[in-house]
Structures are given as C-alpha cells and as structure tokens.
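These are the residues of each chain, in order.
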Amino acid sequence: METLLGKTIEELQSVALSVGLPKFAGKQLAEWLYVRRVLSFDEMTNISLKGREALKASYAIGRHTPVREAVSIDGTRKYLFEIKANSQEPIANSQFIESVYIPEDERATLCVSTQAGCKMGCKFCMTGTLGFHGHLSAAEILNQIFEIDALAVADGRQPITNIVYMGEGEPMDNIENVLRSLEIMTAPYGCAWSPKRITVSTVGVPAMKRFLDESECHLAVSLHNPFPIERAQIMPAERMMPLADVIALLKQYDWSHQRRVSFEYICWAGKNDSPRHAKELLRLLRGLNCRVNLIRFHEGVEQVAKTQTDERHFPGSNEKQMEWFRDYLSDNGLTTTIRKSRGEDILAACGMLVNSLTT
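Residues numbered from 1 in each chain as written. Predicted model: local features only at pLDDT ≥ 70, side-chain atom pairs only at ≥ 80, totals over all residues. Heavy atoms only, no water.

A.B. asks: Explain the nonpolar core residue by residue, including any values.
C.D. replies: The biggest cluster of nonpolar side chains holds 101 residues, and the ones touching the most others in it are Tyr34, Phe211, Leu219, Leu250, Phe263 and Leu285. Per element, the largest residue contribution to this core is seven residues, and it comes from helix H4 (residues 138-154). (Core = buried A, V, L, I, M, F, W, Y, C linked by side-chain atoms within 4.5 Å. Buried < 20%, exposed > 50% of the residue type's maximum accessible area, 1.4 Å probe, protein only. Helix = DSSP H or I, 4+ residues; strand = E, 2+ residues; numbered from the N terminus.)

A.B. asks: An account of helix H12 (residues 319-331) is requested, with residue identities and associated values reported.
C.D. replies: Here H12 contains 13 residues, and its C-alpha end-to-end distance of 18 Å stays within 8% of the 18 Å for a straight helix at 1.5 Å per residue. Within the span of H12, buried status applies to Met322, Phe325 and Leu329. Looking straight down H12, one finds that the buried residues subtend no more than 60° of arc, so they occupy a single side. Turned more than 90 degrees away from the buried face of H12, the exposed residues are Lys320 and Asp331. Elements that come into contact with the buried residues of H12 comprise strand E12 (261-267), helix H10 (275-285), strand E13 (291-296) and strand E14 (335-339). Between the side-chain oxygen at the start of H12 and the backbone nitrogen of lysine 320 there is a gap of 3.2 Å, and the oxygen is on asparagine 318. (Expected span 1.5 Å × (residues − 1). Arc of directions from axis to C-beta. Contact = heavy atoms within 4.5 Å. Polar contact = N/O pair within 3.5 Å; in protein donor to acceptor, adjacent residues only side chain to side chain.)

A.B. asks: Residue-level account of the packing of H10 against H12, with values.
C.D. replies: Where H10 contacts H12, the axes come no closer than 10 Å and their chain directions differ by 35°. Relative to H12, the crossing made by H10 is right-handed. Along the contact surface, H10 presents Pro275, His277, Ala278, Lys279, Leu281 and Leu282, while H12 presents Trp324, Phe325, Tyr328 and Leu329. In terms of residue class, the contact of H10 with H12 is made up of eight nonpolar, one polar and one charged. (Axes fitted to C-alpha atoms, helices over the stretch in contact; angles between N-to-C directions. Left-handed = near helix turned anticlockwise from the far one by under 90°. Nonpolar A, V, L, I, M, F, W, Y, C, P; charged D, E, K, R; others polar.)

A.B. asks: Describe in detail the sheet that holds strand E9 (residues 162-165), supporting the description with residues and values.
C.D. replies: Taken in spatial order, the 10 strands of this open sheet run E3-E4-E5-E6-E9-E10-E11-E12-E13-E14, and their pairing is mixed. Two strands lie at the open edges of the sheet, namely strand E3 (68-71) and E14, each paired on one side alone. Going across the sheet, the axis of each strand differs from the next one's by a mean of 20°, ignoring polarity. Sheet topology places strand E6 (residues 107-111) next to E9; three bridges connect them, and they run parallel. Residue pairing in the sheet places threonine 109 in a bridge with asparagine 162 of E9. Seen against the sheet, H12 touches E12, E13 and E14 and runs at an angle of roughly 160° to E14. (Pairing = 2+ DSSP bridges.)

See the structure below:
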C-alpha cells in the first residue's frame, strides 16, 4: 500500500482530492505527518471521519519501529530497521539497515542510511561488503528520523538536533529520495528545520551537482587520499568522478557564509599520513573555504580487513602522527580537526554499519 510519509505538499494535496477531500486538506495532512508526526489516521481529528476512512482504504502512514537496538558504553545507540519490499523502490526482498543516535552535551546527532547496502566498493569500508540491495524511499529515510527522535523523547533523552546522511549507502546515488527527504525536513509545510542542521556525505558522484543546486544543506566529501591513482586503488568512485572534478565543481559555489563543505579523511599509517600527502592536500584544497576532519581507523574495521585480502589491510595511524598531520594542515591555513570516535564497541562508528544487529 502506498505511504503518505515522504510525500510533498503538492502530492498530499493530490491525495486529498483523490479521496474526496478539499485541496486544503493536503496542508492538514502535512501537519499531521511532519509536525505532529501521528501514527494513525484516527489521530487526524480535523479531517472528517469519511475522509479518514477513505484515506485508510488507499494509503498507509508509513511509520514502523526499529526491530532491535544496541547501546554503547559512550551512550551511542544503534538501531536496526527492516525495509520491506515495496512498489516504490526496487528492493526485491526484505532488507535491513542501521541508524546511529549520537548524544553529546546539548545536542544529539542522528546518522541515517539512504540505501540498503552500498555499491561504491570502498576497500576500507565494512558496509561495502554487504553489497547493494536497493534505494530507500524518502519515507524510509524520514522514518529513521521520526522513530528514533520519538524514542529519545520517550526515554527522556536529548531530541535529535542534527542529522548526517552518512549511514549505509551513497546518498547522491539515491538523489531523488534524498532531495525529497531534505525538502520535507526543511520546508515550512514540513519539519521546518534549518538546512544548516543537516549534512549529506558523498564519495563524489555526478549527482552531487543536483544536491548543490537544489539544497542548502552542508556537504561532506569522503576524500581519504589526495593523489588520484592512490585514491582510485581504495575508492573505485574516483574513476567515475575524479577528485579534481569534484573540487572544480565545489569551487563554483559560495562557501563563505553559513553553508559548509568539509572533507573526511581516514588516516592510515604509511599510506596517506605522510608529509607528501599533507602537502598535496593543501595544494588540492587551496582557494576553497573548507575544513578537513581527520578520522581514526577503527580497530573493528581493521580486524575485519585483516580477515580478507592484503588489499584490505589498512593499519590506522597512531595518535602522534594524526596530531602532526592536523597541526601541519592547520598551521598552513587549512582548518583541520581530529574527529572523535563514537560507538565503536557496537559497530556503530564510521564504516562499521554491516547490520550486525541481525545476528
């Protein structure tokens, strides 16, 4: 059955007309779905009983709860959602995806998935070992946000304050549904969030131009090596859209105000943490208002890598070398930080989402 969650205001107006309701009922539906976030048609009390029954006959709300949860020693929580086969997206059989809730002081960040698995094939990423099983609909993306936020509030925890599209999948490879979910999160008829509270990641694919033109949310680019040949060895997407083209595209946009672009950079000992790499990174990003986030390579990922081929064996940089790399870049005018690792003990950190909660 078709879901209402994930529909834009224009589509909800069409839904209203299709079941005999006036066009303005579309706005009422949007408020019930995105502001009040109801779970049933019976809660939509300003819509006639006849109208609610007609809606029930043809549509579902589109909400469903996570099937499992894991809690880290640092307070991070990972949730498992079942994604059922549907007619809206090409997911042939039921699949699972994971989302991560990360609390910190007065904020809570939610990392959402956009695909079941991933087709990008990055050699260092555990998620890539799942393979690709389909795009998530806008409803499935939004459901992660609404359900986990509701659980946090019910438990007396910090509501979600920020969202990062950095879970399973390449967001720009599912650009239609990602843009739709971003519209609903930021539109006045929807959740009315500031786009500055949302960051979308990419390895760099052509569809990122649509994201840059049609959204005002922040962008995070997975870079990991500034040399094209070396990057292509660990990130096949380099051949699809070379890093030089990614940077050239980004330089066409204004990043001097509130919208930000950042680069994610996992540090591996002897592979991308040398002075040679630091100097090339400075050259590559010169003239672009941006920041670099250095990421520790997680022990859990490394252990999985060691069980596969030598190609996947990437020992992480030590703390001293990461600090040197950070200081070198910062001292030469490129704002650089070392990102704190969260949820590693429950396989919830960067690159570790492999639906482990299904086992």
